[in-house]
Amino acid sequence: MKISDMLIHKQTFSFEIFPPKGELSVDQALAIAGELTRDRPDYVSVTFSAGGSGSSENTPAIARRLQSELDLTALAHFTCMGATRADVDAYAAELRRSGVENVLALRGDHVPGRPPVDFSHATDLIAYLKATAPDLCVGGACYPEGHVECEDFSRSMEHLKAKQDAGVDFLVSQLFFDNEYYYRFREACDKARIKVPVVCGIMPFTSVKQIQRMAFTCGATIPSRVIKRLVSVGDDTAAMREAGIDYACDQLCDLGENGVDGVHVYTMNKPEVAHAAHAALLASGYLKA
């Protein structure tokens, strides 16, 4: 099923899994996804890594098996940095053969020694997919605090509007730790006449090192209440993980109560994160038993 059709009728609930640097086999990814089926997600996204990490080859295979063996709707990522039109054509053809209808079109990180070829921005990939593979539902990324490489928030919104103009069907947000930034972003979308559905991406923090990395790579602001939670648990690894999951669940429930189009949990391949999010949203009434 196309995710854009789901978003017309309901607030969605979804997860992300990833094959990290070729270390996660298709069978292992399928085992993790099997755990996620307990929580009845509307779809599961599978990440894609360019630059020779190995996971890009697994993405369509995992997506295919999610659908054929677990009856889960799959969202296959694709990053276009360094890709040619032939690469995109081949990937779209493979998704069709696999019965996968949904793709998340991303630029991806700059890879040293691998400059852009036919696509410099995600907008270019979105436009190309909509022109050459109109049967696919194409999602894109958005950045509630602005793209980390764009210092001017208004310019970041202009770039986002260009994705809509290129034909993107829905958007999934980068992670954020303060919902107020998302609500401000939603108002900015209204002013910019961005009307496609926006799904909110949330990732629990599990360590000081992780949250520092996220802040620098994604540009996400770390609010004082997160810092206070980190300080309160000290060096207790288990308590820190629990605090991060609880904080993310609070975020998810608040977003659901404030009428977002959908919530997407970056699970970090940890089913316990997915189970906690499902339980919290079930208790809040966002999900039905």
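Predicted model only: the values in this text are computed from it and were never measured.

1. Here we look at unusual backbone geometry
Of note, Asp71 is a non-glycine position whose phi angle comes to about 60°, a positive value. In this fold, Asp71 is placed in the loop between α3 (55-70) and β3 (74-79). Phi is positive for Asn269, close to 65°, though the residue is something other than glycine. Mapping Asn269 onto the fold places it in the loop between β8 (262-266) and α11 (271-284). Among the residues examined, Asn269 registers a relative accessible area of 14% and is labelled buried.

2. Quick look at the sheet that holds β3
The sheet built from eight strands closes into a barrel, its strands ordered β1-β2-β3-β4-β5-β6-β7-β8 with parallel pairing. Within this sheet the neighbouring strands show an average axis-to-axis angle of 30°, counted without direction. For strand β7 (residues 198-202) and β8, the ladder comprises four bridges, and the chain directions are parallel. Across the sheet, the residue bridging to Val199 is Gly262, located in β8. Contacting β7 and β8, helix α10 (residues 237-257) runs over the sheet at an angle of about 165° to β7.

3. Quick word on the packing of aromatic side chains
Scanning the entire structure with this criterion turns up nine aromatic pairs. Between Phe78 and Tyr91 the ring centres are 4.5 Å apart and the planes differ by 40°, which places this aromatic pair in the tilted class. One end of the pair, Phe78, is in strand β3; the other, Tyr91, is in helix α4 (residues 85-98), with 13 residues separating them in the sequence. You'll find Phe78 and Tyr91 in the same group, each marked buried. Pairing Phe205 with Tyr247 gives two aromatic rings, centres 5.8 Å apart and planes at 50°, and the pair type is tilted.

4. Focus: helix α8 (residues 208-218)
Turning to α8, its buried residues are Gln210, Ile211, Met214 and Cys218. What you see down the axis of α8 is that its buried residues fit within an arc of 95°, all on one side. Pointing more than 90 degrees away from the buried face of α8 are the exposed residues Lys209 and Phe216. Elements in contact with the buried residues of α8: α9 (224-233). Positive backbone phi, approximately 75°, marks Gly219, located one or two places after α8.

5. Details of the pattern of salt bridges
Under the defined criterion, the tally for this structure stands at 12 salt bridges. Between Asp42 and Lys10 there is a salt bridge; the shortest N-O distance is 2.7 Å. Here Asp42, found in the loop between α2 (26-36) and β2 (43-46), pairs with Lys10, found in the loop between α1 (3-9) and β1 (12-17); they are 32 residues apart in sequence, far enough to count as distant. Taking the relative accessible area as the measure of exposure, Asp42 reaches 15% and is therefore buried. The class of Lys10 is partly exposed, set by a relative accessible area of 41%.

Conventions we followed
Residues numbered from 1 in each chain as written. Predicted model: local features only at pLDDT ≥ 70, side-chain atom pairs only at ≥ 80, totals over all residues. Heavy atoms only, no water. Helix = DSSP H or I, 4+ residues; strand = E, 2+ residues; numbered from the N terminus. Buried < 20%, exposed > 50% of the residue type's maximum accessible area, 1.4 Å probe, protein only. Pairing = 2+ DSSP bridges. Axes fitted to C-alpha atoms, helices over the stretch in contact; angles between N-to-C directions. Contact = heavy atoms within 4.5 Å. Phe/Tyr/Trp six-rings, centres within 6.5 Å; stacked < 30°, edge-to-face > 60°. Arc of directions from axis to C-beta. Salt bridge = Lys/Arg side-chain N within 4 Å of Asp/Glu carboxyl O.

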